[in-house]
Amino acid sequence: MRKISFFFLFLFSLQNAPANDGYHRKNYADVLHYEFYIAINDSTDRIEGRAKIQVIFKEETDSISFDLIGLKPGGKGMSVTNVNLDSKKNKWEQGKENLIIYFNTRARQNDTLEFNIEYNGIPADGLIISKNKFSNRTFFADHWPDRAHNYLPCIDHPYDKASVDFIILAPDRYKVVGSGILVEESNLPGPMTLTHWSESVPLAIKVMTFGAAEFAVKYAGSVNNIPVWSWVFPENRIEGFSDYSVAVKPLEYYSSIIGTYPYKKLANVQSKTIYGGLENAGTIFYSEKSVTGLGKAEGLIAHEIAHQWFGNCVTEADWHHIWLSEGFATYLTSLYFESVYGRERLESDMKSTRERVLEYYKKNQKPIVDTTVTDLMDLLNVNSYQKGAWVLHMLRYELGDKVFMNGLRLYYERYYNVNALTEDFKCVMEEVSGKNLDKFFQQWLYTAGQPELVIRNEKSRKKGITDVYIEQKQIPLFEFSLELLIKDSSGERLEKVAVKERVTKIEVPSIGAVLITPDPNINLLFKQK
Ligand SMILES: [Zn+2]
């Protein structure tokens, strides 16, 4: 996802129980499949919903709780009218934020049950019913981070991934886009259109989606038989098709460097998302302002497409590890730019990103994995995005391009369509490199700050030698490699220094005056004091 402000810009690993990010995990149950039928109309914002939810039980239980916002003062929220369990009527109780279903017979371990929930109401959030910039009425799901349960009964946390069908009944002037492949589009009396999208790959709720609007739709090409479509408002048909057609390039690039794209299509959709872009699996929603006709959305599009691998396919198991999604998408965008525009582009990206990280640190002395965050919106911060990207950049420098890319590929392959934590990523990188990365991960992910260095040099008493002192001012000490560009009257050369003490001294052979430039190739996140 990209915040609007940057606009231009189950298989848990058992050895790593997820930290508690505040969500009460329902460890007794695992949702396998959702089918959401939703009827929308033009006279009110009220929706009629029917959810079929297939659940396998991990433990014996006599009830299950789904997340669902109940009727609020003011009239928004969902009212459940009927619940069936395997075609039989069932007892249920609706709370402010949940729906508890009581079973007539206890569910045993490994039982699979199907719940049918009928409900209706006006979504307070999660489904944005509004007018677009052309004053036309539109409907856009906008679930990230946990806003789906404003109108969908579900387990509203990314740890529980499930396949999904959206069956949308809408007045027939709307076209409906959604997760997965199109299995039905039928004209019905009304006149209404029923559109059915089906995704068989398990998704986190945050990136399941559908949207209904008047759309212009165009095929933009394909990559390894994955069709790429542009869905834009008809008034933006020419500009939108032009701006979104670039999507084919990052799709091709990431497929070649990381691995097979996980979904069966890629739709790039102009929408009313509250974010600059929202990476919905295979069906990315962009802010309606993303279309300008000036080709300025390449970075945004490359970022959201990168999420299809990291965030969507390999999904953080705990919100506090969101850098596995945002840091990865941010850095992969820089890698994409490097591949298209050259190393200079990467270096200028990393330079400006470093400035942002240092600036952010002045007011927020927090580590990337920050378990104190309780408001999920606060996770959309410079640490998750820019500092996360810097961690990957430094890991690449530390391990070398080849080992780093092998690690990214293995991490993707191993956690394909499931969840992961920072430790899982670390284990994979240790496996491919044969290195112990305890210190690297500890200092960059779980510790606030970065090295603050004073670098000075003086003539040694030894002839033809200059002493260079690198002093770490911050607490605690970091361990890293620092490149120095050393210029003297004989020319210039690079020196790589391993730094871990408070003061590191090296002796540099030199002739005449010496000029030292630290980190000339932009490989280290640090502040020069
Ligand atoms: Zn993102």
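Just above sits the structure.
Everything numeric here is computed off the predicted structure, so don't read it as measured data. (Residues numbered from 1 in each chain as written. Predicted model: local features only at pLDDT ≥ 70, side-chain atom pairs only at ≥ 80, totals over all residues. Heavy atoms only, no water.)

## Quick word on the sheet that holds strand β29 (residues 527-528)
What the four strands build is an open sheet, ordered β27-β24-β23-β29; its pairing is mixed. A single partner strand is all that each edge strand has here, and the edge strands are β27 (503-509) and β29. The sheet contact formed by strand β24 (residues 465-472) and β27 spans seven bridges and is antiparallel. Paired with Val468 across the strands is Ile506, a residue of β27. (Pairing = 2+ DSSP bridges. Helix = DSSP H or I, 4+ residues; strand = E, 2+ residues; numbered from the N terminus.)

## A word on unusual backbone geometry
Omega for the peptide link from Trp144 to Pro145 comes to -5°, which places this bond in the cis form. By the element assignment, Pro145 lies in the loop between β10 (137-141) and β11 (162-171). Omega for the bond connecting Gly190 with Pro191 falls within 30 degrees of zero, at -5°, which places this linkage in the cis form. Following the sequence through the fold, Pro191 ends up in the loop between β13 (181-188) and β14 (192-203). Of note in the backbone geometry, Ile522 takes a positive phi value of approximately 55° without being a glycine. Turning to its location among the elements, Ile522 is positioned in the loop between β28 (515-518) and β29.

## What to know about helix α6 (residues 382-399)
Between its first and last C-alpha, α6 extends 24 Å over 18 residues, near the 26 Å set by a 1.5 Å rise per residue. Along α6, the largest kink reaches about 25° and is centred on Gly388. In terms of burial, α6 is largely enclosed, as 17 of its 18 residues are buried. For α6, the N-terminal cap is Asn381; the gap from its side-chain oxygen to the backbone nitrogen of Asn383 is 3.0 Å. Once α6 ends, the next one or two residues include Gly400, with phi positive near 95°. (Expected span 1.5 Å × (residues − 1). Bend = angle between axes of the 7 residues up to and from the residue. Buried < 20%, exposed > 50% of the residue type's maximum accessible area, 1.4 Å probe, protein only. Polar contact = N/O pair within 3.5 Å; in protein donor to acceptor, adjacent residues only side chain to side chain.)

## Side note on the packing of aromatic side chains
In the structure shown here, the tally under the stated rule is 42 aromatic pairs. Consider the rings of Phe440 and Trp444, whose centres lie 6.5 Å apart with planes at 55°: the pair is tilted. Taken as a pair, Phe440 and Trp444 lie in helix α9 (residues 438-445) at a separation of four residues, close to a single helical turn. Side by side, Phe440 and Trp444 carry an identical accessibility label, which is buried. Between Trp444 and Phe478, the ring centres sit 4.9 Å apart and the planes meet at 65°, which makes this aromatic pair edge-to-face. Taken together, the positions of Trp444 in helix α9 and Phe478 in the loop between β24 and β25 (480-488) put the pair 34 residues apart, joining distant regions of the chain. We classify Trp444 as buried; its relative accessible area is 1%. The buried category is assigned to Phe478, whose relative accessible area is 1%. Over the ring of Tyr37 we find Arg50, and its NZ or CZ is 4.1 Å from the ring centre. Between Arg345 and the ring centre of Phe337, over which it is positioned, the NZ or CZ distance is 3.8 Å. (Phe/Tyr/Trp six-rings, centres within 6.5 Å; stacked < 30°, edge-to-face > 60°. Lys NZ or Arg CZ within 6 Å of the ring centre and 35° of its normal.)

By themselves, these figures tell us nothing about what the structure is for.
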